[in-house]
Structures are given as C-alpha cells and as structure tokens.
Amino acid sequence: MSSSSEISKARALTELRQFLKKLLLEPGTLEKTLEIAQRHYGDHKMMDKVADEITSETLIKIPEDPAERTEADKLFLELLKEVIEESKALY
C-alpha cells in the first residue's frame, strides 16, 4: 500500500471519528438526521437538501458545495439514504 493511500485512509478514519462524536454529543441528533432524510427522500437534490438542513438544525456541519464535502460527509449522507430506502422496503 502506498504512503499516500495510507495517509488518505487515516484522514478518512479521523474525519469519520470526529463526525461520529458529533452524532453522540447532541442527544437526538441521529433521530433528527433520519427525519430530515425521510422528508427529502426521492427528491433529485436529496443529498444537498439533507446536508443543508442537517447543517442548519444540528451540530453537524456539512459543506453546501458537494466538492468540499469530506469522505465522512459523503459516507454519512449515503448511509442516511440507504437507511431510508431499507425502511421503505420493509413496508
């Protein structure tokens, strides 16, 4: 594995760790983010709308510009979408 690849993976893990801390610090944050994702599910700009609303309503700050989002930001948004899709598949 190359050194730059290892650095990149280490940075992504650090970002994800910080991101998870924010979820745990504010009670109700996870539930709030799921509610937000549910509201915007199916919208062609879902990820952007969810990111904006999460930023305005929680301690989590996700850049408005998708190009500025970290790997942790992108992973979290994708996971939210997957959770909503799976919950809809159950019904």
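Our subject is the structure listed above.
Here's what I pulled together on the structure shown here. Predicted, not measured: the structure shown is a model, and the values here were computed from it.

Some points on the environment of glutamate 86
You can see glutamate 86 is positioned in helix 4 (residues 71–89). When the C-alpha atoms of glutamate 86 and aspartate 73 are compared, they prove to be 20 Å apart, with 13 residues separating the residues in sequence.

A short note on the packing of helix 2 (residues 29–40) against helix 4
A packed helix pair is summarised by two numbers, namely the angle formed by the two axes and the spacing between the axes. Two numbers describe how helix 2 lies on helix 4: the axes approach to 10 Å, and their chain directions differ by 70 degrees. Classified by the interaxial angle, the pair formed by helix 2 and helix 4 is roughly perpendicular. Every pair of crossing elements has a handedness; the one defined by helix 2 and helix 4 is right-handed. Here Thr33, Leu34, Ala37 and Gln38 of helix 2 lie close against helix 4, whose contacting residues are Phe76, Leu80, Val83, Ile84, Ser87 and Lys88. Counted by class, the contact of helix 2 with helix 4 contains six nonpolar, three polar and one charged residues.

Analysis parameters
Numbering of residues starts from 1 in every chain and runs along the sequence as written. Local features are withheld for residues below a pLDDT of 70 in this predicted model, meaning they are given only at 70 or higher, and side-chain atom pairs are given and counted only at 80 or more; totals for whole chains, interfaces and linings count all residues. Note that water and hydrogens are dropped before the side-chain values are worked out from all heavy atoms of the structure. For helices the rule is a DSSP run of H or I covering at least 4 residues; for strands it is a run of E covering at least 2, with both sets numbered from the N terminus onward. Throughout, an axis means a line fitted to C-alpha atoms (over the contacting stretch in the case of helices), and angles, computed between N-to-C directions, take values from 0 to 180 degrees. Any angle that is under 35 degrees is reported as roughly parallel, and any over 145 degrees as roughly antiparallel; angles of 65 to 115 degrees are reported as roughly perpendicular and all others as oblique. In this scheme the handedness of a crossing depends on how the near helix is turned from the far one: anticlockwise by less than a right angle means left-handed, clockwise means right-handed. Contact definition: two residues touch when any of their heavy atoms are within 4.5 Å. Nonpolar residues are Ala, Val, Leu, Ile, Met, Phe, Trp, Tyr, Cys and Pro. Charged residues are Asp, Glu, Lys and Arg, and all others, Gly as well, are polar.

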